[in-house]
Amino acid sequence: MAVPKNKVSKARRDKRRSAVWKLDAPAMSKCDHCGAFKAPHKVCKNCGFYKGVEVLKLNQE
């Protein structure tokens, strides 16, 4: 059976158990043109628009 060599302090133990280091879900915003979810401050991959201006020419079939 494993036995700890030294005492682990409450602060160190609780720091390990805390959820501060866990990742959050990425921020998402809706595209003004097509309504699809996209990353903020990025061109929409669905329609190619950014701030109401067509930046990318995408083949919409």
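Keep in mind that this is a model prediction, so the values were computed, not measured.

Scoring rules and cut-offs
- Residues numbered from 1 in each chain as written.
- Predicted model: local features only at pLDDT ≥ 70, side-chain atom pairs only at ≥ 80, totals over all residues.
- Heavy atoms only, no water.
- Helix = DSSP H or I, 4+ residues; strand = E, 2+ residues; numbered from the N terminus.
- Rg over C-alpha atoms; globule rule 2.2 N^0.38 Å.
- Contact = heavy atoms within 4.5 Å.
- Areas by Shrake-Rupley, 256 points an atom, 1.4 Å probe, with all protein chains shown as cover.
- Lys, Arg positive; Asp, Glu negative; His and termini not counted.
- Charge placed at Lys NZ, Arg CZ, Asp CG, Glu CD.
- 1 Å grid on protein atoms, 1.4 Å probe; cavity = no way out; pocket = protein on both sides within 12 Å on 5 of 7 lines; lining within 4 Å.
- Points joined across faces, edges and corners; volume = space filled by probe spheres on them.
- Buried < 20%, exposed > 50% of the residue type's maximum accessible area, 1.4 Å probe, protein only.
- Salt bridge = Lys/Arg side-chain N within 4 Å of Asp/Glu carboxyl O.
- Polar contact = N/O pair within 3.5 Å; in protein donor to acceptor, adjacent residues only side chain to side chain.

A. Seen up close, the overall build of the chain. Broken down by element type, the chain carries one helix and four strands. Along the chain, from the amino end to the carboxyl end, the secondary structure elements read α-β-β-β-β. For the chain, whose C-alpha radius of gyration is 23 Å, the value lies well above the compact-globule estimate of 10 Å for 61 residues. Each principal axis of the C-alpha distribution contributes one length, and for the chain these read about 65 × 20 × 15 Å. Residue pairs in contact within the chain that sit at least 24 positions apart in sequence constitute 0% of those at least 6 positions apart. As displayed, the chain offers around 6100 Å² of accessible surface, 56% of which is attributable to carbon and sulfur atoms. Taken as two groups, the 15 positive and 5 negative side-chain charges of the chain have centres that lie 19 Å from each other.

B. Representation of the environment of Ala27 within the structure. Here Ala27 shows up in the loop between α1 (10-17) and β1 (29-30). When the C-alpha atoms of Ala27 and Pro40 are compared, they prove to be 7.1 Å apart, with 13 residues separating the residues in sequence. Beyond its immediate stretch of four places on either side in the chain, Ala27 contacts Lys38, Ala39 and Pro40.

C. Region of interest: the layout of surface pockets. Here the largest pocket is characterised by a volume of approximately 150 Å³. In terms of lining, the largest pocket is formed by Ser29, Lys30, Cys31, Asp32, His33, Lys38, His41, Phe49, Tyr50, Lys51 and Gly52. Mapped onto the lining of the largest pocket, the elements with two or more residues apiece are β1 and β3 (49-50).

D. Expanded view of the side chain of Lys38. Relative to the helices and strands, Lys38 is located in strand β2 (residues 37-38). It is Asp32 that comes nearest to the buried, bridge-free Lys38 among opposite-charge side chains, at 6.9 Å. Among the polar contacts made by the side chain of Lys38, one reaches the main-chain carbonyl oxygen of Lys42 at a distance of 3.3 Å. Leave out the neighbours within four places in its chain, and Lys38 touches Ala27, Met28, Ser29, Lys30, Cys31 and Cys44.

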